[in-house]
Amino acid sequence: MTLPEGWELVVGLEVHTELKTTTKMFCGCANAFGAEPNTNVCPVCLGLPGSLPVLNVRAVDLAMAIGCVLHSTIGFSTFHRKNYFYPDMPKDFQISQYDLPINSGGYLDLLDGSRVSIERAHLEEDTGKSTHLGGSGRIHGADRSLVDYNRSGVPLVEIVSGPDIRSSAQARAYASELRGILIATGASDGRMEEGSMRIDANVSVRKLGEELGTRCEIKNLNSLRSLHRAIDYEAQRQFELIGNGGAVRQETRHWDENLGETSTMRVKEEADDYRYFREPDLVDLVPDEAWQQRIRGSLGAMPADRRRALLARLDNPTSSQLDALEVVVDLGFDELVLAAIDAGVDASLALARAANELAADIDNIANLTPDAFIETLKMEQSAALSATQAKLVLLALLHGGGDPRAIAASKGFEQLSSDSLGATVETLIAEHPDEWARYRDGDEKLAQFFIGQVMKVTKGQANGKAVISELQQRR
Amino acid sequence: MASPLRRDDVAKVAKLARLTLSEEELDQFTEQLGQVLEHAKDIAALDLKDVVATAHPFGLINVVREDVLRPSLDRDAVLAMAPDAEEGRFAVPRILGETP
Amino acid sequence: MKSARQISSDVRSGASTAEAEVAASLAAIAAKNDELNVFLFVDEEEALRTARGIDERVSRGEQVGALAGVPIALKDNLCKVGVPTTAGSRILKGWLPPYNATVVDRVIAAGAVAMGKTNMDEFAMGSSTETSAYGPTRNPLDPSRVPGGSSGGSAAAVASDMTPLSLGSDTGGSIRQPAALCGLVGVKPTYGLVSRYGLIAFASSLDQIGPFAKNVEDAALLLEVIAGHDVMDSTSLPENAPALVARLNDGVAGKRIGLVRELIEGADEDVVNSVNQAADALRDAGATIVELSIPELRLGLSAYYLIAPAEASSNLARYDGVRYGLRVDANDVAAMNEATRTAGFGAEVKRRIMLGTYALSAGYYDAYYGQALKVRTQMINAFQRAYLDVDLLLGATAPSVAFEFGAKTGNPMMMYLSDVFTIPTNLAGDAAISVPFGVGEGGLPVGVQLLGPGRSEAQLFAAGRVLELAQAPS
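## Describing the overall build of chain C
Moving on, step 1. Each helix and strand in chain C was counted, giving 15 helices and eleven strands.
Moving on, step 2. Against the 2.2 N^0.38 benchmark of 23 Å for 474 residues, chain C shows a C-alpha radius of gyration of 21 Å, consistent with a compact globule.
Moving on, step 3. When its C-alpha atoms are laid out on the principal axes, chain C stretches across 70 × 55 × 45 Å.
Moving on, step 4. Residue burial in chain C is summarised as follows: out of 474 residues, 67% are buried.
Moving on, step 5. Contacts spanning at least 24 positions in sequence make up 75% of the contacts within chain C whose residues lie at least 6 apart.
Moving on, step 6. Here chain C displays about 13,800 Å² of accessible surface, and carbon together with sulfur accounts for 49% of that area.

Spelled out as structure tokens, the structure:
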């Protein structure tokens, strides 16, 4: 959805990601999704009288890692209390960071070459989760609510972008790239459907050259698709509203995936008074140079770097190769593919097999060793295996590991040696003299005929290229 | 002595703090809190713009713990404290208004 | 009543048994608790069971700890598993903590026997124990008077010979002032020396747990047991408990002790006399007394009555009727929160929550809370400058001896003024001890206060010992 000429969409995104730590931010309870309600709680994350927070060092490490890859300034930071009453908040205040966040500034470059600025990326604790009974299951119309504090105290990093985003597509690209980075640093598992990454979008429209319009906040978008659609809807809504002489009200809105529209959640009549003050139960965080170096040194390559590394191995990549490349980096198979290319496997082949066959069974990727991958592809490359056979071997490797040659043998994928293939071809030539004559005289189409015949005889186990090679030798 | 605090300031603050005050209490608190704040005027008047607030009096920094599991509470013990619970969760009357 | 040291020694040697000591304590409690309202909960069965356990271990020749068999009272803002812990409030009536405060674990590990939970001003907000939702505690030395607060129950437990030791908490003077009013030794340790894990919070940057005892040695013994680093408290100092008992008789020869004008001005005449006599005693023991003025201390009261309520307003937000404690039902959760807190909190607590919320609110933060934090820095610097010249400071603990019930409840400011001499130490995070010295109006005890820089407990106890010895019958 694009606004008409002369109008501009302005979007800023706030992304909350749960950090992939073993324990919660301020206590030793398990940071785990899907446990029985209220089984991962203790005096600290329940906010019992007398409890005190103690900071999880891994949460700090991961927050700093995020700051590194976002090119932020990592510095002295403090924790603040954000005070408000809500039943999913055990202390009725949230420990967060206010005017001194651990990461300030930074930017993220997107695939399309655009750059989105980052204002800050700070640490805070997550709240519990409430389910609403009676009514539609949403909060409006509910009779009562039930609260589970398993999620309370889970470490979060909140990443706030500048209001630099100008289209829903760019917003989606930003969120996607950010997600890739969060996964690559090990900070997050990026499982939006499980709520480990949540996005709030601040959306406004304006006539080019004019002041920023009033913005609405769309909360808790939990898929890239929702993000895209919600921004489109909201941009349209605001534009039409203004066009009809109305004014956009500053408010928080909720996106309904089924209805495909945003609706008012809360009107911000006055700014909430959170009475921020420095958290007296925690001490200051001073990430010295040595600590920052350690984090920087532990970082692997980010998606952008990995894409570049693969791109460098391709000559004039086709668009389908570029697509495959993106899939491969996204899924984390780039190192496998690079290893294969470096071992002599054709880049295109390696990309294709990774983007298709490996992508089909991501969960079992650990069963496939780089050596096995390389060996299988080499067998395909040398025509010892047909494409079909190579794919089946890969599937088998993913399923249960093993040795490619052994698997091939057990599946009866005999290595058709030149001799036996040659013998088969000669038999067929003798059986089909007319077709052979026409081929010999230059009719290339008949190569396919003979390949078909060879496949029939060998039950699909011959390698097309090898057959052509045999035919050409006898021409 | 006029209180530095107005009655509707106090009423607003009571709402923020989730406290209901009677008319009498509103008057009484306005006066009493006003007295305390009157005393605090000596602080408000000081020129301390070059002074920095102290965090920990002995300068502790970087107090952290390793990312290692510790035992959680037994769920029954947790719910036994609850004024109202259902299906292993804490039950509360309906929530009007979404989380800020 | 025997000293804690004596009890522990007797129990370990077999001269007495833990069970006998505990039985004596229970008898003393039974005799006087109805009148004095010291204990909100007496844990009789558990105390006897614990005592028998200790006796068994002694008979098997096992180590039982420095406080073996010593009955101890715990202020009711200290969490103990399965024991009603109310912080003197209706809002926590019947709440049973599922965990122990670190100090509770430590005293138990040292062999002490927790006798029960003592009365206190609600959420530690008060200087007389009159704001407790469970009635006031009476001063054992004169039941028509207050024992002081907020740790009035813990002070009364020791002063009435129910237990030789008790634990209290001190945020603006809540150990030292009741100690003074009840004729006891009371200590506010250096901030961070004693873990706050399991202490129901009032003002996080000011609260510290400390001992009450009849004499300096017992207080030192107890502080050694509870002090030292705790991983569960991020503000806890990194070091182990300091050696205090071993240094009790270090004396004060050669020390310079500052007699601070601002820590005496406004005190009653009898109190001023005691302080001057204490100065004489220290001088006789070889210290040099220097007269000092630290004008910054005058800002302490105002700064405290902005910082403490601000932190408290946030610490007490969790009492919302959702997870534990009192719930007053309503149609929606916000109304339920409001109904619960309105019914559950007393007037003083409401006052301070309101004051604190106001001080933190948008538009007022800089003028009030923000300024108060800076004043705190000024006071820390002022103390540090003073300690360049002297080793310790001397002053009054409370402006008067124990006052009558209702004497100061008419006007909050009057009560707040009771803490004027004790508050500066909490703001600075330093250490201080109150030691009984001399007798005042009506034959009631007067407490004098020794202050020292952070981590100066050994010196403070040594000076306290000098004062104690100076009064020993010759």
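## Here we look at the pattern of salt bridges
Moving on, step 1. Evaluated as defined, the whole model comprises 72 salt bridges over all chains.
Moving on, step 2. Linking D284(A) and R278(A) is a salt bridge whose minimum nitrogen-to-oxygen distance equals 3.4 Å.
Moving on, step 3. Residue classification places D284(A) among the buried residues on the basis of a relative accessible area of 11%.
Moving on, step 4. Given a relative accessible area of 21%, R278(A) falls into the partly exposed group.
Moving on, step 5. One network of salt bridges, with partners in common, ties together R81(A), E279(A), D281(A), R196(C) and D233(C).

## Some thoughts on the environment of D161(C)
Residues and elements named next belong to chain C.
Moving on, step 1. With respect to the helices and strands, D161 occurs in the loop between α5 (152–159) and β4 (165–170).
Moving on, step 2. Since its relative accessible area comes to 29%, D161 is described here as partly exposed.
Moving on, step 3. Along the chain, D161 and L36 lie 125 residues apart, while their C-alpha atoms are 12 Å from each other.
Moving on, step 4. In this structure, D161 is in contact with M1, A28, K32 and K214, ignoring residues within four places of it in sequence.
Moving on, step 5. Only 2.3 Å separates the side chain of D161 from the side chain of K214, close enough to count as a polar contact.

## A short note on the interface of chain A and chain C
Moving on, step 1. Across the contact, 30 residues belong to chain A and 39 residues belong to chain C.
Moving on, step 2. With both chains or domains summed, chain A and chain C bury close to 2,600 Å², and 59% of this area falls on carbon and sulfur atoms.
Moving on, step 3. For the pair chain A and chain C, the interface holds two salt bridges.
Moving on, step 4. For D92(A), the salt bridge goes to R323(C), with nearest N and O atoms at 3.8 Å.
Moving on, step 5. The interface formed by chain A and chain C contains 15 residue pairs in polar contact (both at pLDDT 80 or more).

## A closer look at the packing of aromatic side chains
Moving on, step 1. Applying the stated criterion to the full structure yields 24 aromatic pairs over all chains.
Moving on, step 2. On the basis of an interplanar angle of 65 degrees and a centroid distance of 5.6 Å, the ring pair of Y84(A) and Y274(A) is categorised as edge-to-face. One end of the pair, Y84(A), is in the loop between β4 (80–83) and β5 (93–96); the other, Y274(A), is in the loop between β15 (261–267) and β16 (277–278), with 190 residues separating them in the sequence.
Moving on, step 3. Assessed through its relative accessible area of 10%, Y84(A) is described here as buried.
Moving on, step 4. Assessed through its relative accessible area of 14%, Y274(A) is described here as buried.
Moving on, step 5. Taken together through their ring pairs, the aromatic side chains of W95(C), F123(C), Y319(C), Y324(C) and F345(C) make up a single cluster.
Moving on, step 6. R115(A) extends its terminal NZ or CZ atom over the ring of Y107(A), reaching a point 3.6 Å from the ring centre.
Moving on, step 7. The positively charged end of K408(C) is found above the aromatic ring belonging to F403(C), 4.3 Å away from the centroid.

## Quick look at the interface of chain B and chain C
Moving on, step 1. Residue-level contacts link 50 residues of chain B with 61 residues of chain C.
Moving on, step 2. If you sort the residues of chain B by the area they bury against chain C, R18(B), I43(B) and F58(B) come out on top, with a joint share of 14%.
Moving on, step 3. Our count for the contact surface shared by chain B and chain C stands at one salt bridge.
Moving on, step 4. Linking chain B with chain C are 18 residue pairs in polar contact (both at pLDDT 80 or more).
Moving on, step 5. Among the secondary structure elements, those contributing two or more residues to the side of chain B that touches chain C are α1 (7–16), α2 (23–44) and β3 (89–93) of chain B.
Moving on, step 6. Per-element tally for the side of chain B that touches chain C: the top contributor is α2(B), with twelve residues.
Moving on, step 7. Class assignment for the residues of the side of chain B that touches chain C results in 35 nonpolar, six polar and nine charged.

## Let's talk about the domain arrangement of chain C
All names here are of chain C.
Moving on, step 1. Partitioning chain C into domains gives domain 1 (4–243), domain 2 (249–301 + 372–471) and domain 3 (303–366).
Moving on, step 2. For domain 1 and domain 2, the distance between their C-alpha centres works out to 24 Å.
Moving on, step 3. At the interface, 44 residues of domain 1 touch 42 residues of domain 2.
Moving on, step 4. Summed over both partners, the interface of domain 1 with domain 2 buries about 3,200 Å², with 59% contributed by carbon and sulfur atoms.
Moving on, step 5. Ranking the residues of domain 1 by area buried against domain 2 places R145, R176 and V216 at the top, with a combined share of 21%.
Moving on, step 6. The interface formed by domain 1 and domain 2 holds two salt bridges in total.
Moving on, step 7. Along the contact surface separating domain 1 from domain 2 lie 20 residue pairs in polar contact (both at pLDDT 80 or more).
Moving on, step 8. Those elements that place two or more of their residues in the side of domain 1 that touches domain 2 are α6 (176–182), β5 (185–188) and α7 (216–226).
Moving on, step 9. The residue inventory of the side of domain 1 that touches domain 2, partitioned by class, reads 21 nonpolar, 14 polar and nine charged.

## Points about helix α1 (residues 4–13) of chain C
Residue and element names in this part refer to chain C.
Moving on, step 1. Among the residues of α1, those classed as buried are A4, I7, S8, D10 and V11. Along the long axis of α1, the arc covered by the buried residues comes to 165 degrees, so they all point the same way.
Moving on, step 2. Its buried side turned inward, α1 meets α2 (18–36), α3 (44–59), β2 (71–75), β4 and α7.
Moving on, step 3. Of the residues flanking the end of α1, it is G14, one or two places downstream, whose phi is positive at about 95 degrees.

Conventions adopted
- Residues numbered from 1 in each chain as written.
- Chains lettered and ligands numbered in written order.
- Predicted model: local features only at pLDDT ≥ 70, side-chain atom pairs only at ≥ 80, totals over all residues.
- Heavy atoms only, no water.
- Helix = DSSP H or I, 4+ residues; strand = E, 2+ residues; numbered from the N terminus.
- Rg over C-alpha atoms; globule rule 2.2 N^0.38 Å.
- Buried < 20%, exposed > 50% of the residue type's maximum accessible area, 1.4 Å probe, protein only.
- Contact = heavy atoms within 4.5 Å.
- Areas by Shrake-Rupley, 256 points an atom, 1.4 Å probe, with all protein chains shown as cover.
- Salt bridge = Lys/Arg side-chain N within 4 Å of Asp/Glu carboxyl O.
- Polar contact = N/O pair within 3.5 Å; in protein donor to acceptor, adjacent residues only side chain to side chain.
- Buried area = accessible area lost by both parts, 1.4 Å probe.
- Phe/Tyr/Trp six-rings, centres within 6.5 Å; stacked < 30°, edge-to-face > 60°.
- Lys NZ or Arg CZ within 6 Å of the ring centre and 35° of its normal.
- Nonpolar A, V, L, I, M, F, W, Y, C, P; charged D, E, K, R; others polar.
- Domains from an automatic or database assignment.
- Arc of directions from axis to C-beta.

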